[in-house]
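# Examining the three-dimensional arrangement
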Amino acid sequence: MKNRIEKLLFHDESRLPLLTLLPEVGAVEDLSKLRVALSARLERVELQLGEISAGAQRARIADENDSRERSEREMLRIALNWISLQEGEG
Amino acid sequence: MSDKPEDVRALTSQALPISRGASSSVRQGYSRSELEALYALGRTMLTSGDMGSAERIAKGLIGIAPDFSPAWLLLAYHALMQGKHNDTIFNARQALRVHPACIEALLFLVIGYFEIEDFQTGGTFLGEVAELVHGERGSPELKRLYDSQVIRFEERLRQGRRKMLE
């Protein structure tokens, strides 16, 4: 992968981070506040997923929503885990 | 772009928009600041090498806010690093759908198409970047990246001409 990245960057082998293509958007100014907000969202989405799985019928549309919510749950868990690590270091 | 420490801190927000229709696409009332904070986390994970977590953050963001263009850029970057160039192109196109003047998305397209040896299409997008990158939104780092792709494109043209003469 490193060679591929080098090949992508320049013909003259100079270095330029492709990370430039990810703009620095937004700010995380208050980790504890963010943690509280995301925790509430995780609680909600887990409740929704629990309701879906307990439902009598799983329609195709329900499966699509389920997939989105699982994705959301995974995102929130990863984010909260990261925040927890940062707060632990602070 | 200068090297930034890996810790998350307040950063100047660039004006990458959520489209006007996005308020209806933002599920369950995520605020813009929450979306941006999650994106910032994903970006930080990428810089620390945790590509898998960053990808999952990006996919989660797209699920809750499909018109939040930075999330598509995260996915495009991840795909590029994985060598999945068609995915890079797809994700960059999604970012452009939301934000048609997004220099970063256009450059992802340029690089993606160059990687699959479609220099004609990549060159077309390179032309679109030219107009934007020399304007106010073009940071020095983006301009350098653009210049590098121009050189790459010109080298390809030279190779083509040499082959024709052989």
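These lines cover the structure that appears in this document, whether it is placed above or below.

Cut-off values and rules
Residues numbered from 1 in each chain as written. Chains lettered and ligands numbered in written order. Predicted model: local features only at pLDDT ≥ 70, side-chain atom pairs only at ≥ 80, totals over all residues. Heavy atoms only, no water. Helix = DSSP H or I, 4+ residues; strand = E, 2+ residues; numbered from the N terminus. Buried < 20%, exposed > 50% of the residue type's maximum accessible area, 1.4 Å probe, protein only. Areas by Shrake-Rupley, 256 points an atom, 1.4 Å probe, with all protein chains shown as cover. Salt bridge = Lys/Arg side-chain N within 4 Å of Asp/Glu carboxyl O. Phe/Tyr/Trp six-rings, centres within 6.5 Å; stacked < 30°, edge-to-face > 60°. Expected span 1.5 Å × (residues − 1). Arc of directions from axis to C-beta. Contact = heavy atoms within 4.5 Å.

### A closer look at the overall build of chain B
For chain B, the helix and strand inventory stands at eight helices and zero strands. Beginning at the N terminus, the succession of helices and strands in chain B can be written as α-α-α-α-α-α-α-α. For chain B, the proportion of its 166 residues judged to be buried stands at 51%. About 7,700 Å² of surface is accessible on chain B, with carbon and sulfur atoms providing 50% of the total.

### Notes on the pattern of salt bridges
All names here are of chain B. Here the structure, examined in full by the defined rule, presents 13 salt bridges over all chains. One salt bridge connects aspartate 67 with arginine 97, and the closest N-O pair in it is separated by 3.1 Å. Placement of aspartate 67 in the loop between α3 (51–64) and α4 (69–81) and of arginine 97 in helix α5 (residues 85–98) is noted, with a sequence separation of 30 residues between them. Residue aspartate 67 is classed as buried on the basis of its relative accessible area of 12%. A salt bridge links arginine 162 to glutamate 155; its shortest N-O distance comes to 3.4 Å.

### A short note on the packing of aromatic side chains
Here a ring pair, both rings aromatic, is described through the centre-centre distance and the interplanar angle of the planes. Residue and element names in this part refer to chain B. Throughout the structure, instances matching the rule amount to five aromatic pairs over all chains. Considering the side-chain rings of tyrosine 39 and phenylalanine 68, the 6.3 Å spacing of their centres and the 85° angle between planes classify their relative orientation as edge-to-face. With tyrosine 39 in helix α2 (residues 32–47) and phenylalanine 68 in the loop between α3 and α4, this residue pair connects regions lying 29 residues apart in the sequence. As far as burial versus exposure is concerned, tyrosine 39 and phenylalanine 68 are alike and both buried.

### Description of helix α7 (residues 119–133) of chain B
Residue and element names in this part refer to chain B. Over its 15 residues, α7 runs 20 Å from end to end, which matches the ideal 21 Å to within 8%, given 1.5 Å per residue. Buried within α7 are the following residues: Phe119, Gly122, Gly123, Phe125, Leu126, Val129 and Val133. End-on view of α7: buried residues confined to an arc of 165°, all on one side of the axis. What points out from α7, more than 90 degrees from its buried face, is the exposed set Gln120 and Glu131. Tucked inside the fold, the buried residues of α7 contact α5, α6 (103–115) and α8 (140–165).

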